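Notes for the structure review
Read off the chains here:
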Amino acid sequence: MAPNYKEELVGVFGHPVSENPTVVMQEAAFHALNLNWRYLTIEVLPEELENAIKGLRAFNMRGINLTIPHKVEVLKYLDEISGAAKLMGAVNTVVRNGDKLFGENTDGKGFMHSLTLDVEIDPKGRKVVVLGAGGAARAITVELALAGVRSITIVNRSESRGQILTDLLNSKTSAKTEFHVWKGTYSVPSDTDILINATSIGLAPNINDKPDINYQSITSNMLVCDVIPAPMTLFLEEAKKQGANILDGLGMLVYQGAIGFKIWTGLDAPVDVMHEALSRAFCIE
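Residues numbered from 1 in each chain as written. Predicted model: local features only at pLDDT ≥ 70, side-chain atom pairs only at ≥ 80, totals over all residues. Heavy atoms only, no water.

1. Notes on the overall build of the protein
Helix and strand content of the protein: nine helices and 14 strands. Computed over its C-alpha atoms, the radius of gyration of the protein comes to 19 Å, within 12% of the 19 Å expected for a compact globule of 285 residues. Based on the C-alpha atoms only, the size of the protein along its principal axes is roughly 65 × 40 × 30 Å. Looking at the protein as a whole, 52% of its 285 residues are labelled buried. Long-range contacts, defined as pairs at least 24 residues apart, comprise 67% of the intrachain contacts of the protein with a sequence gap of at least 6. Counting 26 positive and 33 negative side-chain charges, the protein places the centres of these two groups 5 Å from one another. (Helix = DSSP H or I, 4+ residues; strand = E, 2+ residues; numbered from the N terminus. Rg over C-alpha atoms; globule rule 2.2 N^0.38 Å. Buried < 20%, exposed > 50% of the residue type's maximum accessible area, 1.4 Å probe, protein only. Contact = heavy atoms within 4.5 Å. Lys, Arg positive; Asp, Glu negative; His and termini not counted. Charge placed at Lys NZ, Arg CZ, Asp CG, Glu CD.)

In structure tokens, the structure reads:
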């Protein structure tokens, strides 16, 4: 049998992206299943996204992840988009099927897996507040709405983007959704069940940043979640000081990555291996 030295290529496009740990878990998964695949972490400026997608095609890459700020903009460069991703208006995973690029969104599904498996919270009937209205917020709120949450409040500085997401949820789902323009320091309503930071605030290298909210308004009855892939952000530290239960973004990252792994390779992902690899990378005991 002739040797095959060709590596199958996948990766992530983003800006900033150097601190994105996805490569750690995906490479561990490839190694565990003895696959000759590589995951590339690639810095792509917003104005270069179209060229980057052309490069993906030229290199015959098997697929790509999209992170900030490309999850919405990438839609215009794809051949096909899943129904869920179309509803969300955002894509975080692309797979090449022949000469076609197919877009899917695994962010919301990854978050839901983390919510139900890691902290065993059923979102049905809950009141949710989401900070941000970008790609991650779109994916998460759509999945939460489909899971039967009672209400969603979108908090965002850009009024147009926040209103677009609010209108989408109200017109396409049964969740009662309202929009709050984020001006100054936001106070979280006391009857909130789940508070989610779906912004990039706190993302490396700006790890000392935190959302401008009144942390005294967080109560011990709330579950506070962050999509930032780190074991502890300042946002979560502040929430923990108020006695709230917290959920970091690592579980969401692992579960959405496992779904992406299956989409690319056709194989079930070794979730435990992926989680262990991320935990080692963050020196979590």
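2. Remarks on the environment of Gly202
Mapped onto the fold, Gly202 is located in the loop between strand E11 (194–197) and strand E12 (213–214). A C-alpha to C-alpha distance of 7.3 Å links Gly202 and Leu234, two positions 32 residues apart in sequence. When neighbours within four sequence positions are excluded, Gly202 is seen to be in contact with Ile207, Asp209 and Ile228.

3. Some words on unusual backbone geometry
The phi torsion of most residues other than glycine is negative, and most of the peptide bonds are trans. Pro16 follows His15 through a cis peptide bond whose omega is 0°. Relative to the elements of secondary structure, Pro16 occurs in the loop between strand E1 (8–14) and helix H1 (22–32). Look at the link from Ile68 to Pro69: it is a cis peptide, with omega at 5°. The residue Asn60 is not glycine, and still its phi comes out positive at about 55°. Here Asn60 is to be found in the loop between helix H2 (49–58) and strand E3 (63–66).

4. Topic: the nonpolar core
When a protein is soluble and globular, its nonpolar side chains tend to lie buried together. In terms of nonpolar packing, the biggest core is built from 30 residues, with Phe111, Leu115, Val130, Leu144, Ile152, Ile154 and Ile196 touching the most fellow members. Secondary structure elements with two or more residues in this core: helix H4 (107–118), strand E7 (127–131), helix H5 (135–146), strand E8 (151–156), helix H6 (159–172), E11 and strand E13 (223–226). Sort the elements by how many residues they give to this core and H5 lands first, with six residues. Residue contacts for Ile196: discarding those within four places in its chain leaves Phe111, Val128, Val129, Val130, Leu131, Ile140, Leu144, Cys225 and Val227. Formed by 18 residues, the second largest nonpolar core is a distinct cluster that contains Trp37, Leu250, Leu253 and Val254. (Core = buried A, V, L, I, M, F, W, Y, C linked by side-chain atoms within 4.5 Å.)

5. Details of the pattern of salt bridges
Pairing between side chains of opposite charge can happen when their charged atoms approach one another. In this structure the tally under the stated criterion is 14 salt bridges. Ionic pairing is found between Glu8 and Arg62, a salt bridge with its closest N-O pair at 3.3 Å. Of this pair, Glu8 sits in strand E1 while Arg62 sits in the loop between H2 and E3, and the two are 54 residues apart along the sequence. Judged by relative accessible area, Glu8 falls into the buried class, the value being 18%. (Salt bridge = Lys/Arg side-chain N within 4 Å of Asp/Glu carboxyl O.)

6. Structural notes on the sheet that holds strand E4 (residues 80–81)
A sheet is described by the order of its strands in space; here six strands give the open sequence E2-E1-E3-E5-E6-E4, paired in mixed fashion. Both outer strands of the open sheet, strand E2 (37–43) and E4, are each paired with one neighbouring strand and no more. Sheet analysis places E4 next to strand E6 (residues 100–104), joined by two bridges and oriented parallel. From the neighbouring strand, Ile81 faces E6, where its bridge partner is Gly103. Those strands touched by H2 are E1, E3 and E6, and its axis lies near 175° from that of E1. (Pairing = 2+ DSSP bridges. Axes fitted to C-alpha atoms, helices over the stretch in contact; angles between N-to-C directions.)

7. Some thoughts on the environment of Leu78
With respect to the secondary-structure elements, Leu78 resides in the loop between E3 and E4. A C-alpha to C-alpha distance of 31 Å links Leu78 and Ala32, two positions 46 residues apart in sequence. Not counting chain neighbours up to four residues away, the residues in contact with Leu78 comprise Val91, Val94, Leu101 and Gly103.

8. Observations regarding the side chain of Ser217
Note on placement: Ser217 falls in the loop between E12 and E13. One polar contact links the side chain of Ser217 to the main-chain carbonyl oxygen of Asn214, over a distance of 2.5 Å. In this structure Ser217 touches Ser187, Val188 and Met222, once residues within four positions along its chain are discounted. (Polar contact = N/O pair within 3.5 Å; in protein donor to acceptor, adjacent residues only side chain to side chain.)

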